[in-house]
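Observations on the three-dimensional arrangement
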Amino acid sequence: MKGIAVTAFLGLAAGLAATALQDQEPEFKTTAVAGSVHMIDSGVAGNIGVSVGVDGVLMIDDQFARFAPAIREQMEAIGAGAPRFLVNTHWHGDHTGGNLEFGGAATILAQDNVRKRLLAGDGRTPPAEKAALPVLTYDDRVTLHFNGEEIEVYALGPGHTDGDSIVWFKDSKVVHLGDHFFSGRFPYIDLDSGGDVAGFVENTRRLLEMLPDDAKLIPGHGPLSTKDDLRQTLRMLETTTALVRERIEQGMTELECGDAGLPEEWATWSWNFITTKRWLRLCHRSFTAD
Ligand SMILES: [Zn+2]
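Residues numbered from 1 in each chain as written. Predicted model: local features only at pLDDT ≥ 70, side-chain atom pairs only at ≥ 80, totals over all residues.

Quick notes on the sheet that holds strand 12 (residues 216-218)
Spatial ordering of the open sheet is given by 8-9-10-11-12, a layout of five strands whose pairing is mixed. The sheet terminates laterally at strand 8 (141-146) and strand 12, the two strands that pair on one side only. Sheet twist, expressed as the mean angle between neighbouring strand axes with direction ignored, is 15°. Here strand 10 (residues 165-169) runs beside strand 11 (residues 174-176); their pairing, made up of three bridges, is antiparallel. Note on strand 11: the bridge partner recorded for Trp168 is Val175. (Pairing = 2+ DSSP bridges. Helix = DSSP H or I, 4+ residues; strand = E, 2+ residues; numbered from the N terminus. Axes fitted to C-alpha atoms, helices over the stretch in contact; angles between N-to-C directions.)

Some thoughts on the sheet that holds strand 5 (residues 85-87)
In spatial order, the strands read 1-2-3-4-5-6-7; together these seven strands make up an open sheet with mixed pairing. Looking at strand neighbours, the two that pair on one side only are strand 1 (29-34) and strand 7 (136-138), the edges of this open sheet. The mean inter-strand angle of the sheet, taken between neighbouring strand axes irrespective of direction, is 20°. Looking at chain direction, strand 3 (residues 48-53) and strand 4 (residues 56-60) are connected through five bridges and run antiparallel. Note that in strand 4 the partner of Val50 across the bridge is Met59. Contacts from helix 5 (residues 112-120) reach strand 6 (107-111) and strand 7, with the element oriented near 105° to strand 6. (Contact = placed C-beta atoms within 7 Å.)

Okay, structure coming up:
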């Protein structure tokens, strides 16, 4: 019974992701972050990072294919043509859906598991075409020297998925955190793609230790942020996951854990895709998985 309930929940979550993200009208906005780095936000899909300079263009994530003309318009406004390098922070469609559109002349880079998952697809995502696949993959990290910057692409252990990377511009202190950071809202953890709630919390702790205090953080979803915002996220993660662990000790089921809710303090973290109830159920499911 429990297995069936869990599958139904995931199917629902995936369906909601598709409708919550794909069916909303995007509103594109480009922000100059620091140095050569810009952030393109559509409000409905993963934030894009763009470095534009003397060596050309490096792009981080590319949202959905159907947004490509609008993204190109935003890029042209900051003098960015076709990218030379395209980094995928992870395999989800709202971060890699434009790989065919933007990968043409680019070397696509990603953690090993991103290529594997794009190649295989899953119940809700068809296998990617060859031209959309990363051609340069790495296990833990790769460093680029581009546009006057040392750019470290650093893979985290399982968290949001099992193939998450951050992209760290060492000189301008800008870091694209992919979906390891949902600023000000409950994160989505894709347990079916090797994601893990405890790993996500641990990675967040590690990022706070690693990154410089004045870093500018581009989250996967949400506005341009700071380490203080990431600290708030860690506090939310630690407090709410401790509560879920207590509930598991008390013998609560996944459903009961979700229905028990959270103190009012965390109400603003709930959003259309990951509501308080879904966040609690996701944690319960991750902590009770074999
Ligand atoms: Zn994602």
